Amino acid sequence: MKIVDVRSPSILDELDDCDGFMWRWAHFGGMGRIAHRLLPVIEREVAIPTYPDQATCWHYDDKAAQALLFKVHEIPTPRTWVFYDRATALSWLSEQQFPLVMKLATGAGSENVVLLKSLDEALRAVLHIFENYVLKLKQPPKLGWVGRVKALGRQVFLGRKPLWRDTGYEPQAGYAYFQEFLPDNEFDTRITIIGNRAFGFRRWNKVGDFRASGSGRIDYDASRIDERFIRLAFLTAQRLRMQSCAIDGLLRENQPVVGEVSYTFMARAIYDCPGHWELVGEPESGNLLWKEGHMWPEEAQIKDFVVRLRGENK
């Protein structure tokens, strides 16, 4: 084993004597820019197995792309709409019931997720993201005539879009992402799949909020996990061909749905699970065997990857 630097101009040369490549990249620090350029070349052109592979991670931190994947693979989700034309989005909003959830394609820990309670808020939000680069989604600003003059001035003197200092996050613009609001979900169910293993816990919403991600209010009682979410997570991982897969599960009319999916997650939260389930058979009908004891997710990922490399090197 050796450590390489993905930011090195000679990264491909450094991989010459490698049988596989593992890199846990995240949505911050500009890592996504490197991953989207480097990992497809390593996996497809150099033909070195990677963890995560492209099926697992190309859609990471891109909820708009995930919405398309979920539809193609018939993964149950809240109703979702993504618009790339401002006029169409504004027209559609005029016929909707509120509240609606609006999200940026990127973000974790409930970041960049807001609840729009009125048509006025929604219209302002759409105008904001179609007229500006957005790094953080907040409740829509009340521009008024002064704000509109300033926005126009930015476009006239700085170009069509305002300038931003690079923070390592990708600025968002030119689309509007909406999801139906699912009331009466006091928590979500986070199920993480690694190979044939499932780790699960419930996350209670933030106090006075509809969002659970990032609340820190975690219930690790495995007996309270709805088995349907475990099977849905295995089904999602199978259909999307993901080596690791964490779903945020919610109930829609008492049926489990996937709010979002991520290939990566906080390792400590997985380790703190008192055990995990192992699937024997197919997601919808196979046996779920409980395995007591803590396990670091990296251990499971490395074991799976080594098995794959040994199989390919036979």
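Scroll up to find the structure this text is about.
Below, the structure is looked at part by part. (Residues numbered from 1 in each chain as written. Predicted model: local features only at pLDDT ≥ 70, side-chain atom pairs only at ≥ 80, totals over all residues. Heavy atoms only, no water.)

1. With respect to the pairing of strand β11 (residues 255-262)
Put simply, the rule is: The buried label applies to any residue whose accessible area, calculated with a 1.4 Å probe on protein chains only, is under 20% of its type's maximum; exposed applies above 50%, and partly exposed to all values in between. Counting from the N terminus, the helices are the DSSP runs of H or I reaching at least four residues and the strands are the DSSP runs of E reaching at least two. Only when DSSP finds a minimum of two bridges between them are two strands counted as paired.
Counting buried residues in β11 gives 7 out of 8 residues, a clear majority hidden from the surface. Inspection of the sheet shows strand β10 (residues 244-252) paired to β11 by 7 bridges, in the antiparallel sense. Within the sheet, the bridge partner assigned to Leu-250 lies in β11 and is Val-257. With antiparallel pairing between neighbouring strands as the criterion, β10 and β11 make up a hairpin whose turn holds 2 residues, including Glu-253 at a positive phi of roughly 55 degrees.

2. With respect to the packing of helix α5 (residues 86-93) against helix α6 (residues 119-131)
Relative orientation and spacing of two packed helices are given, respectively, by the angle between their axes and the distance between those axes. Quick note on the threshold: Axis geometry follows a simple rule: fit a line to the C-alpha atoms, using only the stretch in contact for helices, then measure angles between N-to-C directions, giving values from 0 to 180 degrees. Should an angle lie under 35 degrees it is considered roughly parallel, over 145 roughly antiparallel, and from 65 to 115 roughly perpendicular; all remaining angles are considered oblique. By definition, residues are in contact when any of their heavy atoms lie within 4.5 Å. Three classes are used: nonpolar for Ala, Val, Leu, Ile, Met, Phe, Trp, Tyr, Cys and Pro, charged for Asp, Glu, Lys and Arg, and polar for all others, with Gly counted as polar.
The geometry of α5 relative to α6 is characterised by a closest axis approach of 10 Å and an angle of 170 degrees between their N-to-C directions. If you check the angle between α5 and α6, you find them roughly antiparallel. Contacts between α5 and α6 involve Arg-86, Ala-89, Leu-90 and Leu-93 from the former and Leu-119, Ala-122, Leu-123, Val-126, Leu-127, Phe-130 and Glu-131 from the latter. Looking at the contact of α5 with α6, its residues break down into 9 nonpolar, no polar and 2 charged.

3. What about the nonpolar core?
Applied cut-off: Note on terminology: a nonpolar core comprises buried Ala, Val, Leu, Ile, Met, Phe, Trp, Tyr and Cys residues joined through side-chain atoms within 4.5 Å.
Membership of the largest hydrophobic core comes to 41 residues, with the highest contact counts inside it found for Phe-21, Trp-23, Trp-25, Ile-191, Ile-193, Ile-230 and Ile-247. Those elements giving two or more residues to this core turn out to be α2 (31-45), α4 (63-72), β7 (187-194), α8 (227-240), β10, β11 and β12 (275-280). Looking at this core element by element, the count peaks at 7 residues for α8. Ala-89, Ala-105, Tyr-175 and Phe-178 belong to the second-largest nonpolar core, a separate cluster that totals 22 residues.

4. As for the sheet that holds strand β6 (residues 176-180)
On the basis of which strands lie adjacent, the open sheet formed by 4 strands has the order β3-β6-β4-β5 and antiparallel pairing. The sheet terminates laterally at β3 (80-83) and β5 (113-116), the two strands that pair on one side only. Pairwise comparison of adjacent strand axes, ignoring direction, gives a mean angle of 25 degrees for this sheet. Note: strand β4 (residues 100-103) against β5, 4 bridges, orientation antiparallel. Bridge pairing links Met-102 to Val-114 in β5. Relative to β3, α4 is tilted by about 125 degrees, and along the sheet it contacts β3, β4 and β6.

5. A word on unusual backbone geometry
Following Tyr-51, the chain continues to Pro-52 via a peptide bond in cis, the omega torsion being 5 degrees. Tracing the chain through its elements places Pro-52 in the loop between β2 (50-51) and α3 (54-57). Each neighbour pair has its own omega, and for Phe-98 with Pro-99 the value is 10 degrees, a cis peptide bond. With respect to the helices, strands and loops of the structure, Pro-99 is situated in the loop between α5 and β4. Of note, Asn-254 is a non-glycine position whose phi angle comes to about 65 degrees, a positive value.

6. Section: the pattern of salt bridges
Short version of the rule: We define a salt bridge as a side-chain nitrogen of Lys or Arg found within 4 Å of a carboxyl oxygen belonging to Asp or Glu.
All chains considered together, the criterion is met by 17 salt bridges. Across the pair Asp-188 and Arg-203 runs a salt bridge whose closest N-O atoms are separated by 2.7 Å. Of this pair, Asp-188 sits in strand β7 while Arg-203 sits in strand β8 (residues 197-204), and the two are 15 residues apart along the sequence. Side by side, Asp-188 and Arg-203 carry an identical accessibility label, which is buried. Where Asp-272 meets Arg-268, a salt bridge forms, and the shortest distance between an N and an O atom there is 3.1 Å. Salt bridges linked by common partners bring Asp-188, Arg-190, Arg-203 and Asp-248 together as one network.

7. Concerning the packing of aromatic side chains
Inclusion rule: Only the six-membered ring of Trp is used, alongside the rings of Phe and Tyr, when aromatic pairs are assigned; centres must lie within 6.5 Å, and planes under 30 degrees apart are stacked while those over 60 apart are edge-to-face, with the rest tilted. The criterion for a charge sitting over a ring is simple: Lys NZ or Arg CZ within 6 Å of the ring centre, and within 35 degrees of the ring normal.
The tally for this structure, following the rule as stated, stands at 13 aromatic pairs. Pairing Trp-92 with Phe-178 gives two aromatic rings, centres 5.5 Å apart and planes at 35 degrees, and the pair type is tilted. Here Trp-92, found in helix α5, pairs with Phe-178, found in strand β6; they are 86 residues apart in sequence, far enough to count as distant. Like Phe-178, Trp-92 is buried. Taken together, the ring pairs in this structure connect Trp-81, Phe-83, Trp-92 and Phe-178 into an aromatic cluster. Lying across the ring of Phe-187, Arg-202 places its NZ or CZ 4.4 Å from the centre.

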